[in-house]
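So you can see what is in the structure, the chains are spelled out below.
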Amino acid sequence: MQNNPTIGIIGGGQLGKMFIENASKLAVSITILDKDAHCPAHHIAKQHIIGSITDADAIQKLADSSDVLTWEIEHINVDKLIDLQAQGKHIIPNPNILKIIQDKGKQKQFYQAHQIPTSPFFIAQNKQEILEKLKETNFKKVAIKSCTGGYDGKGVFIADVVSIQENPNSIPFDDAVMVEEFVECKKELAVLIARDKQGNHAVYPAIEMEFSESNLVSFLISPADINLETEKQAQQIAIQCADAFNSAGLFAVEFFLTQEDRLLVNEIAPRPHNSAHHTIEGFYASQYEQLLRILLDKPLASTQPIMPSAMVNIVGDKTGKYQLKHLNELLQIEGVYVYVYGKEESKPNRKLGHVTIINPNREEVIRLAEKVRTLVEIEIL
Ligand code: ADP
């Protein structure tokens, strides 16, 4: 690859924006593809091709103007990327991975085929088949997931088996689904792993998701409060997953930690991830730095923390133009970093920004994260 290559990113959301912010350190040019002329990465990308991430011609245009391609979102035109790769285009991660990830059923089958621990499951094409197959299991409670199209919890339906048997119409999906046993878990964890072209790994410590009383993720904290053995196992499983994909790239591996301290893989995102935003301030090198190095074929960076850190998402609840209500208060807290992605409108459940908190003392990080959470409020204008 030439000295100053152009990187093409499919998608121009906040993950692309943060990737570009970091890549500017090495004066690397980035072109993005996004249909939204005002997407978060628009203002800082060297070039913006306005077009759909599912449009083969638009992806071709991006490929023509880039030395290497990657993505920051999963629901893109994978067949086009597979074609381009076959023609010799440099694409990281291997787009064949997306074929597996885009379908929750195929994802589970992949874990099973590679002895990656995951909860028991089956695939069904319709409600009738769900009912029939449930009879062959001893599941009491299940998570039913639409095989394609779900993200951020949309496309996930959790229910007791008895209630499904009594009222099958409560299942909100008509297409193919993956039905898995509900895991009564102690904690939800995530491990971010970077794998380079030579197969070297850089693995971040596990993070833990803290839940509020209403079961919404309240904040993420690093390091997770788990024993050393669990930490070691989570890292080993993350390596097992990245090696099973046999590709360079960034992989965010989400886990359930069961009451018996077993780790089960929930899902994997082959891209920068929300659960590793805190690596920008909390670690010597961020997830974006790792991806940049992988794309440029440079040595992986350190995954050592500088200090404990936490992250609170800023999520919209209403539709309309908006502002962050307590921005001044947030900006006055030491060790608090506010990110506003620059999306024009708020919408229910839309990620509009996040706040990272760092402090040498983990207890203090938790205290500050709770305070930040009360201050994160979106005001519709
Ligand atoms: P998405 O891809 O939309 O984020 P997930 O499959 O991660 O969906 O599910 C969203 C959330 O639902 C998880 O983070 C977890 O809290 C809960 N969940 C999903 N599957 C299960 C399961 N099998 N057992 C327990 N909780 C689950």
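Refer to the structure above for everything that follows.
What comes next concerns the included structure.

What counts, and where the lines are drawn
- Residues numbered from 1 in each chain as written.
- Predicted model: local features only at pLDDT ≥ 70, side-chain atom pairs only at ≥ 80, totals over all residues.
- Heavy atoms only, no water.
- Helix = DSSP H or I, 4+ residues; strand = E, 2+ residues; numbered from the N terminus.
- Rg over C-alpha atoms; globule rule 2.2 N^0.38 Å.
- Buried < 20%, exposed > 50% of the residue type's maximum accessible area, 1.4 Å probe, protein only.
- Contact = heavy atoms within 4.5 Å.
- Areas by Shrake-Rupley, 256 points an atom, 1.4 Å probe, with all protein chains shown as cover.
- Lys, Arg positive; Asp, Glu negative; His and termini not counted.
- Charge placed at Lys NZ, Arg CZ, Asp CG, Glu CD.
- Salt bridge = Lys/Arg side-chain N within 4 Å of Asp/Glu carboxyl O.
- Axes fitted to C-alpha atoms, helices over the stretch in contact; angles between N-to-C directions.
- Parallel < 35°, antiparallel > 145°, perpendicular 65-115°, else oblique.
- Nonpolar A, V, L, I, M, F, W, Y, C, P; charged D, E, K, R; others polar.
- Pairing = 2+ DSSP bridges.
- Arc of directions from axis to C-beta.
- Polar contact = N/O pair within 3.5 Å; in protein donor to acceptor, adjacent residues only side chain to side chain.

1. Focus: the overall build of the chain
Then comes step 1: The helix and strand tally for the chain stands at twelve helices and 19 strands.
Then comes step 2: For the chain, whose C-alpha radius of gyration is 21 Å, the value lies close to the compact-globule estimate of 21 Å for 381 residues.
Then comes step 3: Judged by the C-alpha coordinates and their principal axes, the chain covers about 60 × 50 × 45 Å.
Then comes step 4: Evaluated residue by residue, the chain yields a buried proportion of 56% over its 381 residues.
Then comes step 5: The long-range share in the chain, meaning contacts at least 24 apart out of those at least 6 apart in sequence, stands at 61%.
Then comes step 6: As displayed, the chain has an accessible area near 17100 Å², and 47% of this comes from carbon and sulfur atoms.
Then comes step 7: Measuring between centres, the 38 positive side-chain charges of the chain sit 3 Å from its 49 negative side-chain charges.

2. Remarks on the pattern of salt bridges
Then comes step 1: In total, this model carries 17 salt bridges according to the counting rule given.
Then comes step 2: Residue Asp261 is joined to Lys186 by a salt bridge in which the shortest nitrogen-to-oxygen separation is 2.6 Å. One end of the pair, Asp261, is in the loop between strand S13 (249-258) and strand S14 (263-269); the other, Lys186, is in strand S9 (residues 185-195), with 75 residues separating them in the sequence.
Then comes step 3: Judged by its relative accessible area of 32%, Asp261 falls in the partly exposed class.
Then comes step 4: When its relative accessible area of 42% is taken as the criterion, Lys186 is described as partly exposed.
Then comes step 5: The salt bridge involving Asp297 is made with Lys197; its shortest N-O contact spans 3.6 Å. With Asp297 in the loop between helix H10 (287-296) and strand S15 (309-315) and Lys197 in the loop between S9 and strand S10 (201-203), the pair connects residues that are 100 residues apart, well separated along the chain.
Then comes step 6: On the basis of relative accessible area, Asp297 is assigned to the partly exposed category, the value being 39%.
Then comes step 7: Looking at Lys197, the relative accessible area reads 39%, which means it is partly exposed.

3. Observations concerning the packing of helix H1 (residues 14-23) against H10
Then comes step 1: Axis separation between H1 and H10 bottoms out at 9 Å; the angle between their running directions is 70°. As summarised for this structure, H1 and H10 are arranged roughly perpendicular, according to the angle between their axes. Seen from H1, the contacting residues are Leu15, Met18, Phe19, Asn22 and Ala23; seen from H10, they are Tyr288, Glu289, Leu291, Leu292 and Leu295.
Then comes step 2: The class makeup of the residues in the contact of H1 with H10 is eight nonpolar, one polar and one charged.

4. Quick notes on the sheet that holds strand S5 (residues 121-124)
Then comes step 1: Ordered in space as S5-S8-S6-S7, the four strands form an open sheet in which the pairing is antiparallel. Each edge of the open sheet is held by one strand with a lone partner, namely S5 and strand S7 (156-160). The average undirected angle you get between the axes of adjacent strands in this sheet is 25°.
Then comes step 2: Bridge analysis of strand S6 (residues 141-146) against strand S8 (residues 177-181) gives five bridges, and the strand direction is antiparallel.

5. Structural notes on helix H3 (residues 78-86)
Then comes step 1: All of the buried residues in H3 are Val78, Lys80, Leu81 and Leu84. Buried residues along H3 cover an arc of 155° about the axis, so they all sit on one side.
Then comes step 2: Those residues of H3 that are buried are in contact with strand S1 (6-10), helix H2 (56-64), strand S4 (68-71) and helix H4 (96-101).
Then comes step 3: The distance from a side-chain oxygen at the start of H3 to the backbone nitrogen of Asp79 is 3.4 Å, and the residue carrying that oxygen is Asn77.
Then comes step 4: Once H3 ends, the next one or two residues include Gly88, with phi positive near 100°.

6. A short note on the side chain of His354
Then comes step 1: Structurally, His354 can be placed in strand S18 (residues 351-358).
Then comes step 2: With relative accessibility at 0%, the residue His354 sits in the buried group.
Then comes step 3: Separated by 2.6 Å, the side chains of His354 and Tyr341 make a polar contact.
Then comes step 4: Those residues in contact with His354 that lie beyond four places of it in its chain are Met18, His277, Met311, Val312, Asn313, Ile314, Tyr337, Val338, Tyr339 and Tyr341.

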